[in-house]
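Reading the structure
Listed below are the residues making up each chain.
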Amino acid sequence: MERDDSGGGGLFFRGLQNRSHEKTKLRTRKSTLYLSPQRSTGRCGDLLGENIYLVLFIIALRIFNCFLVQTSFVPDEYWQSLEVAHHMVFNYGYLTWEWTERLRGYTYPLIFASIYKILHLLGKDSVHLLIWIPRLAQALLSAIADLRLYSLMKQLENQQVAQWVLCSWFTWYCCTRTLTNTMETVLTIIALFYYPMEGSKSMNSVKYSSLVALAFIIRPTAVIPWIPLLFRHFWQEQRKLDLILHQFLPVGFVTLSLSLIIDRIFFGQWTLVQYNFLKFNVLQDLGSFYGSHPWHWYFSQGFPAVLGTHLPFFIHGCFLAPKRYRIFLVTVLWTLLVYSMLSHKEFRFIYPVLPFCMVFCGYSLNNLKTWKKPALSFLFLSNTLLALYTGLVHQRGTLDVMTNIQELSYNNTSVSSASVLMMMPCHSTPYYSHVHYPLPMRFLQCPPDLTGKTDYLVEADMFYLNPLKWLYMEFQNDSSLPTHLIIFSVLEEEISPFLISNNYERTAVFFHTHFPESRTGSHIYVYERKLKGKLNQR
């Protein structure tokens, strides 16, 4: 009994001791867990970077964004990506002169060619999937870039500043398009996340330099915004020789070797496309063949248009932001100055500096007091209207008309005899990537003069000098006439004698833009050649 009681008492006290010991262990574990989230967050940050609900929201937003952009921007979003990928996988289509002259590399189109190949192997290579899956892939990449920019600004500042850096009409307009400029911007943002900035918890020289090198491989001018950033890193780095020998040079060697191997496979010979690209566009400035602007265009028109209604907030943020962000401002100004020295200028060329600008906009909005709500309402309404108008209305006809050609390919019983001539400024529409059928098609070509001729005229310019004369000379007998003609509305009256004499009848009309230009009309017309018997029956 006593032994039992004492044994029971001993068990009781030992139980208390064990509980006390367990509590101590729990406190120790709690302390360990308290210290570990930074390490685990860092590991998760390499994949997603943020709370899963935020990740899902931004991914859903960019997918929604993708489907609300149904307009065309520039020809390169098809002709330098999807058309090349389609030709790589399905062995028909058209490669522009940049590919015959080896000015472009296959690294970026290879992404979409891989998607096309998978769809083809699965038997799911319908034209709609060939159009939308690459854009959805680009949207997902842009979502990752959004998360990286948000995470970076949350590290450098706070969540309030971070939430305002993603809202731009031009980002909405461009970020789901299959443009090399879009990929360049995505890689620039993700690289910036790993760039050694004061206050950043995610800096990694190998990762950011690898992403910069990949951006350079895809679009060589991507290095322009990074020149000030790379110089700053080198200047502040204590072990400069180690940075160059053990990080920059190995990264550059690996990425350049990868590019050379990919291009060797598809060109059939060793080609350094990055040199060819820079030689043509920068050293020789031959891009001016496709249009030139005055030196101040980016400052007076391009940059204000890209920033839109964010411009005053960007200027305000430049005065408020801490000194550590001066490198971002230097990057923006440097990029604008370099591109200003080139004759050929486009809005999309300065898209990669937009995230840098949005940092200043976010800082401005976070520091507004009295006018914060009106400012946010103004920005939301103005950017929403711009995004919806440019994404759903402006320049949509050149995509809508491809739907008509798809129907011609798949629904026409006499498709074998059908043919299409696009009498529009060259590369106005996509091509086989949006038809996915070997339908005979032709467009007015415009390769630049690489021989130095003074009186050089491309086919498109020869056509527009006298469209009616060109048509009669080009089609001197009925057998060579195409079954379908696609034109802008501004051309209809001038070529109406040819249309009437050859029994062409307008069968479809597509709205294109509210801002027609000399060769680009407000609508696109589809004309079909009717046989005389069919005309009499009607």
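On a predicted model such as this, the values are computed, not experimentally measured, just so you know. (Residues numbered from 1 in each chain as written. Predicted model: local features only at pLDDT ≥ 70, side-chain atom pairs only at ≥ 80, totals over all residues. Heavy atoms only, no water.)

**Some points on the overall build of the protein**
- A tally of helices and strands in the protein yields 25 helices and five strands.
- Sequence-distant contacts, at least 24 apart, represent 74% of the contacts inside the protein between residues at least 6 apart.
- For the protein, the exposed surface amounts to about 27100 Å²; the carbon and sulfur share of it is 62%. (Helix = DSSP H or I, 4+ residues; strand = E, 2+ residues; numbered from the N terminus. Contact = heavy atoms within 4.5 Å. Areas by Shrake-Rupley, 256 points an atom, 1.4 Å probe, with all protein chains shown as cover.)

**Brief notes about the packing of aromatic side chains**
- For the coordinates displayed, the defined rule picks out 45 aromatic pairs.
- On the numbers, 6.5 Å between centres and 40° between planes, the contact of F475 with F498 is tilted. Highlighted residues: F475 in the loop between α23 (467–474) and β3 (484–488) and F498 in helix α24 (residues 492–501), separated in sequence by 23 residues. Each member of the pair, F475 as well as F498, carries the same accessibility label: buried. (Phe/Tyr/Trp six-rings, centres within 6.5 Å; stacked < 30°, edge-to-face > 60°. Buried < 20%, exposed > 50% of the residue type's maximum accessible area, 1.4 Å probe, protein only.)

**Some words on the side chain of T188**
- Of note, T188 is situated in helix α11 (residues 180–194).
- Engagement of the side chain of T188 in a polar contact is seen with the backbone oxygen of E184, the distance being 2.8 Å.
- What T188 contacts, discounting residues up to four positions off in sequence, is W226, P352 and F356. (Polar contact = N/O pair within 3.5 Å; in protein donor to acceptor, adjacent residues only side chain to side chain.)

**Digging into the packing of helix α3 (residues 52–67) against helix α8 (residues 127–156)**
- Running from N to C, α3 and α8 point in directions that differ by 140°, and their axes come no closer than 9 Å. In this view, α3 runs oblique relative to α8, as classed from their interaxial angle. Note that α3 runs across α8; the crossing there is right-handed. Residues L54, V55, I58, I59, R62, I63, C66 and F67 of α3 form the contact with α8, whose own contacting residues are W132, R135, L136, A139, L140, A143, D146, L147 and Y150.
- Looking at the contact of α3 with α8 residue by residue, the classes come out as 14 nonpolar, no polar and three charged. (Axes fitted to C-alpha atoms, helices over the stretch in contact; angles between N-to-C directions. Parallel < 35°, antiparallel > 145°, perpendicular 65-115°, else oblique. Left-handed = near helix turned anticlockwise from the far one by under 90°. Nonpolar A, V, L, I, M, F, W, Y, C, P; charged D, E, K, R; others polar.)

**Focus: the nonpolar core**
- Counting 136 residues, the largest nonpolar core has F328 and M422 as its most contacted members.
- In contact with M422, not counting residues within four places along its chain, are M402, I405, T429, P430, Y431, M441, R442, F443, L444 and I486.
- By size, the runner-up hydrophobic cluster in this structure holds five residues, among which are F313, L368, A375 and L379. (Core = buried A, V, L, I, M, F, W, Y, C linked by side-chain atoms within 4.5 Å.)

**Brief notes about the pairing of strand β5 (residues 523–529)**
- Sheet topology places β3 next to β5; five bridges connect them, and they run antiparallel. Bridge assignment links L485 to a residue of β5, and that residue is Y527.
- Sheet topology places strand β4 (residues 504–511) next to β5; seven bridges connect them, and they run antiparallel. For R506, the partnering residue across the bridge sits in β5 and is Y527. (Pairing = 2+ DSSP bridges.)

**Section: the pattern of salt bridges**
- Scanning all chains against the criterion turns up 14 salt bridges.
- E157 serves as the salt-bridge partner of R324, at 3.0 Å between the closest nitrogen and oxygen. With R324 in the loop between α17 (311–320) and α18 (326–340) and E157 in the loop between α8 and α9 (159–162), this residue pair connects regions lying 167 residues apart in the sequence.
- Note on E157: relative accessible area 22%, which makes it partly exposed.
- Close ionic contact of R442 with E474 constitutes a salt bridge, the shortest N to O distance being 3.0 Å. Linking R442 in strand β2 (residues 441–443) with E474 in helix α23, this pair joins segments that are 32 residues apart in sequence.
- Residues joined in a network through salt bridges with shared partners are D76, R104, E346 and R348. (Salt bridge = Lys/Arg side-chain N within 4 Å of Asp/Glu carboxyl O.)

**Observations regarding the pairing of strand β1 (residues 420–423)**
- Judged by which residues are buried, β1 turns out to be covered on both faces: V420 and M422 on one side and L421 and M423 on the other are all buried.
- Two elements, β1 and β2, share three bridges in a ladder whose sense is parallel. Paired with V420 across the two strands is M441, which belongs to β2.
- Relative to β3, β1 runs parallel, the two being bridged by four bridges. Within β3, the position partnered with M422 by the bridge is I486.

**Observations regarding the layout of surface pockets**
- Here the second largest pocket defines a volume of roughly 660 Å³.
- For the lining of the second largest pocket, the secondary-structure elements that each account for two or more residues are α3, α8, α10 (169–174) and α20 (372–392).
- The greatest single-element share of the lining of the second largest pocket, amounting to seven residues, is contributed by α20.
- Here the residues of the lining of the second largest pocket are counted per class, giving 18 nonpolar, seven polar and two charged. (1 Å grid on protein atoms, 1.4 Å probe; cavity = no way out; pocket = protein on both sides within 12 Å on 5 of 7 lines; lining within 4 Å. Points joined across faces, edges and corners; volume = space filled by probe spheres on them.)

**Describing a nonpolar patch on the surface**
- A surface patch of nonpolar side chains, amounting to about 450 Å² of accessible area, comprises L256, L272, Y275, V282 and L283.
- Broken down by element, the nonpolar patch gets its largest block of residues, three residues, from helix α15 (residues 273–283).
- Secondary-structure assignment places L272 in the loop between α14 (240–267) and α15.
- Note on L272: relative accessible area 38%, which makes it partly exposed. (Patch = residues over 30% accessible without salt bridge, like charges linked within 9 Å, V, L, I, M, F, W, Y side chains within 5 Å.)

**A look at the sheet that holds β2**
- Read across the sheet, five strands follow the order β2-β1-β3-β5-β4 without closing on themselves; strand pairing throughout is mixed. Taken across any chain shown, the strands that pair with only one partner, and hence form the sheet edges, are β2 and β4. Sheet twist, expressed as the average angle between the axes of neighbouring strands with direction ignored, equals 20°.
- Each of β1, β3, β4 and β5 is contacted by α24, which is oriented at about 160° to β3, the strand it contacts most.

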